[in-house]
Amino acid sequence: MKKQLTAILFLMIFVVQAGAYFDAGSRYSAGPGGYSGFNIFGEAGNDNYYLRPSLNTYISDGADRYSTYSLGAGLDRPFWRGNAEVSVMPETGGYKKSSLYADLTFNPLGKRADDATLEDLSLGCFAGLTSHEDAYSLSTTTVSTGYGKKTSVSALTSSFKLKQTDYGLTTAVRAYGMRLSGRFTKSVYDTDITALDRKIPLDIGGIGASGYQDKAVSARIRFSSLPLSPEAGYTKTYYLLDQPDSESVSAGLSQIIGAIEVSAGWENLNPGGGGAKSDYYSLGLTLSF
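Residues numbered from 1 in each chain as written. Predicted model: local features only at pLDDT ≥ 70, side-chain atom pairs only at ≥ 80, totals over all residues. Heavy atoms only, no water.

1. Thoughts on the overall build of the protein chain
Let me state the cut-off plainly: Numbering of helices and strands starts at the N terminus; helices are DSSP runs of H or I of at least 4 residues and strands are runs of E of at least 2. Each residue gets one of three labels from its accessible area relative to the maximum for its type: buried under 20%, exposed over 50%, partly exposed in between, using a 1.4 Å probe on protein chains only. Any two residues whose heavy atoms approach within 4.5 Å at even a single point are treated as in contact. Only the protein chains shown count as cover for residues, with accessible areas throughout obtained via the Shrake-Rupley method and a probe of 1.4 Å.
From N to C terminus, the protein chain includes 1 helix and 14 strands. With 289 residues in all, the protein chain has 33% of them scored as buried. Looking at the protein chain alone, contacts between residues at least 24 apart form 49% of all its contacts between residues at least 6 apart. Looking at the protein chain as shown, the accessible area adds up to about 16600 Å², and 60% of this sits on carbon and sulfur atoms.

In C-alpha cells, the structure reads:
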C-alpha cells in the first residue's frame, strides 16, 4: 500500500503545479460490526478542467481491508461537462477488481446571469464497466512431508470472473439556493447470474447490501444557502436472484469556514427481507488552496 500512496502523493503534487486551484480532503465513516472506512483525495484544476486522485479503504469484523485507488479527470464547458475515472482494487483475500467510468452532462442554460432564479439545470448520462475476479473454489489434498507426517495443501482449481456494466441517467436543478438531483442506474452482466453461487463484496466507499444489483434509483436535496447547508438523500436498490430490495436514507450537514469545509453525515441502511437496519456515521474535512 505504501507504493500506491506514494504514487498518489506525487500525482497530487503534479496537479497542484498544473492547476489554478487545489482541494484536499478526507472522510471517515464508522458503523456496526467494526465497520471503519476512510477516504482521501486531492483535486486540482481551473474553470475548464480538473484532475482528482483518491483512495478509498474500509475494514470490518467480517471482512479483510479492501482499498481502491482511483484517478478521475473532467472537462467543463458552458453547455456541457464530461468526466471519466479509472480505479483499481488490488487483490485482497483472493478478490480484485478494476473499473472504468464516464459521464456526460448537458446544461441547456449555459452561463447563468447573476440575478437568474434558475441557477442550474442539467441532464446527463453515464456508463461504467467493472471487472470482478475472485477465488471461486479450493481443492484440499493431503501430502506426506516425511517421517510419517502429513499436511493439507489447498490449491486454486478455478476462478470467479464477472464483468458488470452499469449505465443510466442523471438530472439536477438548482433554484433559490436549493439543489434537487436524481439518478437511475441499470446493471447487466456477461454471465448468467442464476448459474452462480457466489456474491461479490461490498463496493468500496459505499454502504449497501452484498449482491447482484439489477437497478437503483436515488434522489438528493441540498440547501446550500441555509446555515450549515443541510442535505438529505434516498436510495432504493433492486437485486437479482429474488434478493430483497434494500433502501437507505441519509442526512448531512456541512459548513464552510474560510478555506475549510467541515461535514458530518448519517445513513440508515435497510437490507430488506426483515433484516436488521444499520446506522453509519461519517465526518469529513476539505481544505481549499
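2. Some details on the pairing of strand β14 (residues 278-288)
The line we're drawing: Whether two strands pair comes down to DSSP finding at least two bridges between them.
Summarising the sheet, strand β1 (residues 21-30) and β14 pair through 8 bridges and their orientation is antiparallel. Note that in β14 the partner of Ser29 across the bridge is Ser282. Direction of pairing for strand β13 (residues 260-270) relative to β14: antiparallel, over a ladder of 10 bridges. The residue of β14 that forms the bridge with Leu269 is Ser278.

3. Some remarks on the confidence of the model for the protein chain
The following threshold applies: Values of pLDDT, ranging from 0 to 100, describe the predictor's confidence in every residue of the model.
Of the residues in the protein chain, 78% reach a pLDDT of 70 or more, and the chain-wide mean stands at 83. Counting contacts from residues 137-156, a segment whose pLDDT is below 50, to residues more than four positions away or on other chains yields 30 contacts. Across residues 202-208, where pLDDT falls below 50, the model places 20 contacts with residues more than four positions away in sequence or in other chains.

4. Points about the nonpolar core
The line we're drawing: Nonpolar cores were defined as sets of buried Ala, Val, Leu, Ile, Met, Phe, Trp, Tyr and Cys residues, with membership established by side-chain atoms within 4.5 Å.
The biggest cluster of nonpolar side chains holds 7 residues, and these are Tyr35, Tyr58, Tyr66, Met89, Tyr95, Leu269 and Tyr280. Within the second largest apolar cluster, 5 residues are counted, among which are Leu162, Tyr189, Ile193 and Tyr212.

5. Section: the pattern of salt bridges
Here is the rule we go by: One speaks of a salt bridge when a side-chain nitrogen belonging to Lys or Arg is within 4 Å of a carboxyl oxygen belonging to Asp or Glu.
One pass over the full model with this rule turns up 6 salt bridges. Of the charged contacts in the structure, one is a salt bridge between Arg220 and Glu231, with a shortest N-O distance of 2.7 Å. In this pair, Arg220 is assigned in strand β10 (residues 213-223) and Glu231 in strand β11 (residues 231-239), connecting sequence segments 11 residues apart. On the accessibility criterion, Arg220 (33% relative accessible area) is partly exposed. The class for Glu231 is partly exposed, based on a relative accessible area of 22%. Where Arg222 meets Glu231, a salt bridge forms, and the shortest distance between an N and an O atom there is 2.8 Å.

6. So, unusual backbone geometry
A positive phi angle is found at Tyr176, which is not glycine, with a value near 55 degrees. Owing to a relative accessible area of 69%, Tyr176 belongs among the exposed residues under this scheme. Phi angles above zero are rare outside glycine, and Ser229 is one such case at about 40 degrees. Topologically, Ser229 is positioned in the loop between β10 and β11.

7. Focus on the pairing of strand β5 (residues 80-92)
When strand β4 (residues 63-76) meets β5, the two strands line up antiparallel, connected through 8 bridges. Paired with Ser70 across the two strands is Ser87, which belongs to β5. Following β4, the chain reverses through 3 residues before pairing antiparallel with β5. Between β5 and the antiparallel strand that follows it, strand β6 (residues 95-106), lie 2 residues; Gly93 among them carries a positive phi value of about 60 degrees.

8. Observations regarding a nonpolar patch on the surface
Threshold: Each patch is built from residues that are more than 30% exposed by relative accessible area and take part in no salt bridge. Like charges join if they lie within 9 Å; nonpolar side chains (Val, Leu, Ile, Met, Phe, Trp, Tyr) join within 5 Å.
Together, Ile257, Ile260, Val262, Leu285, Leu287 and Phe289 give the surface a local cluster of nonpolar side chains, amounting to about 530 Å² of exposed area. For the nonpolar patch, the secondary structure elements donating two or more residues are β13 and β14. Assignment of secondary structure puts Val262 in strand β13.

9. Description of the packing of aromatic side chains
We apply this condition: By convention, a stacked pair of Phe, Tyr or Trp rings (six-membered ring in the case of Trp) has centres within 6.5 Å and planes under 30 degrees apart, an edge-to-face pair has planes over 60 apart, and any other such pair is tilted. Consider the ring centre and the ring normal. A charge sits over the ring if Lys NZ or Arg CZ is within 6 Å of that centre and within 35 degrees of that normal.
Overall, the coordinates contain 7 aromatic pairs when judged by the stated rule. With a centroid separation of 5.3 Å and an interplanar angle of 90 degrees, the aromatic rings of Tyr35 and Tyr280 are classed as edge-to-face. Of this pair, Tyr35 sits in the loop between β1 and β2 (36-45) while Tyr280 sits in strand β14, and the two are 245 residues apart along the sequence. Taking the relative accessible area as the measure of exposure, Tyr35 reaches 9% and is therefore buried. Within the aromatic cluster, the residues linked to one another by ring pairs are Tyr35, Tyr58, Tyr66, Tyr95 and Tyr280. Above the plane of the ring of Phe41 lies Arg52, whose end atom (NZ or CZ) is 3.9 Å from the centre. Lying across the ring of Tyr238, Lys215 places its NZ or CZ 4.8 Å from the centre.

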